[in-house]
Amino acid sequence: MERSRSSLKAVCDADPIIHLDELGVLYLIEDFQEILLCPAVIKEVQTKRPTLFEKINPPFVILPHAFPPDQTLIAMCRALSLDTGELEALALMERDPAAIFLTDDSAARMVAERMGYKVHGTIGILLRSIRRNQLNPKEVLGLLDSLPQRCSLFIKPSLLDEIKLRVKDEFHL
């Protein structure tokens with residue numbers, strides 16, 4: 001399928017990288033213009049998927065240091081018990097609010113949305129792959145079906161079923 005590069009920039013938390021790699025479709029994020037990664041995110045990915053950065057070539061921009069978050073962000077992250085990677089990634093979003101924030105953490109998503117950022121997670125990236133002509137709807141349904149067995153992403157079975165039903169309805173499958 002066609003694989004054109006998007007003009008969008010993303011800031012990524014560790015989980016979508018890990019989950020897409022578990023599903024064997026990490027290449028789906030290669031179409032972003034660039035994907036900014038903070039030091040804590042790199043460390044978490046390397047801890048959970050030690051060889052990941054050796055086997056792929058997405059447009060990662062690995063930042064040498066974290067940016068200081070503002071006090072409001074620190075307070076929200078503390079209140080929701082977000083980890084260092086999420087805090088660093090959200091601090092980076094403060095510097096580049098037009099980027100898309102990629103995370104699978106519901107608390108991080110809540111903070112990002114409250115701050116007015118666009119947010120996608122692993123499921124959103126899978127669904128986006130249909131619009132971007134990276135995967136067809138049947139391939140995405142297959143990934144969604146296999147997600148509980150192949151991936152450490154936690155998603156309520158009822159929500160996963162609803163997403164699959166929407167894909168089936170939208171694409172008449």
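Residues numbered from 1 in each chain as written. Predicted model: local features only at pLDDT ≥ 70, side-chain atom pairs only at ≥ 80, totals over all residues. Heavy atoms only, no water.

Caption draft 1: Representation of the environment of Leu-92 within the structure. Mapped onto the elements of the fold, Leu-92 is located in helix α5 (residues 84-95). With 25 residues separating them along the chain, Leu-92 and Phe-67 place their C-alpha atoms 6.3 Å apart. (Helix = DSSP H or I, 4+ residues; strand = E, 2+ residues; numbered from the N terminus.)

Caption draft 2: Just the packing of aromatic side chains, in detail. Scanning all chains against the criterion turns up one aromatic pair. Each ring, one from Phe-53 and one from Phe-60, has its centre 5.6 Å from the other, and the planes form 75°; the classification is edge-to-face. The ring of Phe-32 has Arg-128 sitting right over it, with the charged end atom 4.1 Å from the ring centre. (Phe/Tyr/Trp six-rings, centres within 6.5 Å; stacked < 30°, edge-to-face > 60°. Lys NZ or Arg CZ within 6 Å of the ring centre and 35° of its normal.)

Caption draft 3: Broad picture of the environment of Arg-128. Relative to the assigned elements, Arg-128 resides in helix α7 (residues 122-131). Taking relative accessible area as the criterion, Arg-128 reaches 4% and is therefore assigned buried. Residues within four places of Arg-128 in sequence aside, it is in contact with Ser-6, Leu-8, Leu-28, Asp-31 and Phe-32. (Buried < 20%, exposed > 50% of the residue type's maximum accessible area, 1.4 Å probe, protein only. Contact = heavy atoms within 4.5 Å.)

Caption draft 4: Up close: the packing of helix α4 (residues 71-79) against α5. Relative orientation of the contacting elements α4 and α5 amounts to 150°, with a least axis distance of 11 Å. On the basis of their axis angle, the class for α4 and α5 is roughly antiparallel. Helix-helix and strand crossings are classified by hand; for α4 and α5 the assignment is right-handed. Between α4 and α5, the residues in contact are Leu-73, Ile-74 and Cys-77 and Leu-87, Leu-90, Ala-91 and Glu-94, respectively. Of the residues that constitute the contact of α4 with α5, the class distribution is six nonpolar, no polar and one charged. (Axes fitted to C-alpha atoms, helices over the stretch in contact; angles between N-to-C directions. Parallel < 35°, antiparallel > 145°, perpendicular 65-115°, else oblique. Left-handed = near helix turned anticlockwise from the far one by under 90°. Nonpolar A, V, L, I, M, F, W, Y, C, P; charged D, E, K, R; others polar.)

Caption draft 5: Fine view of the pattern of salt bridges. Here the structure, examined in full by the defined rule, presents ten salt bridges. Residue Asp-31 pairs with Arg-128 through a salt bridge whose shortest N-O separation is 2.9 Å. Here Asp-31 is found in the loop between α1 (14-23) and β2 (34-37), whereas its partner Arg-128 is found in helix α7, with 97 residues between them in sequence. Assessed through its relative accessible area of 4%, Asp-31 is described here as buried. (Salt bridge = Lys/Arg side-chain N within 4 Å of Asp/Glu carboxyl O.)

Caption draft 6: Spatial organisation of the environment of Gly-24. Within the fold, Gly-24 resides in the loop between α1 and β2. Taking C-alpha positions, Gly-24 is 9.4 Å from Leu-143, a pair spaced 119 residues apart along the chain.

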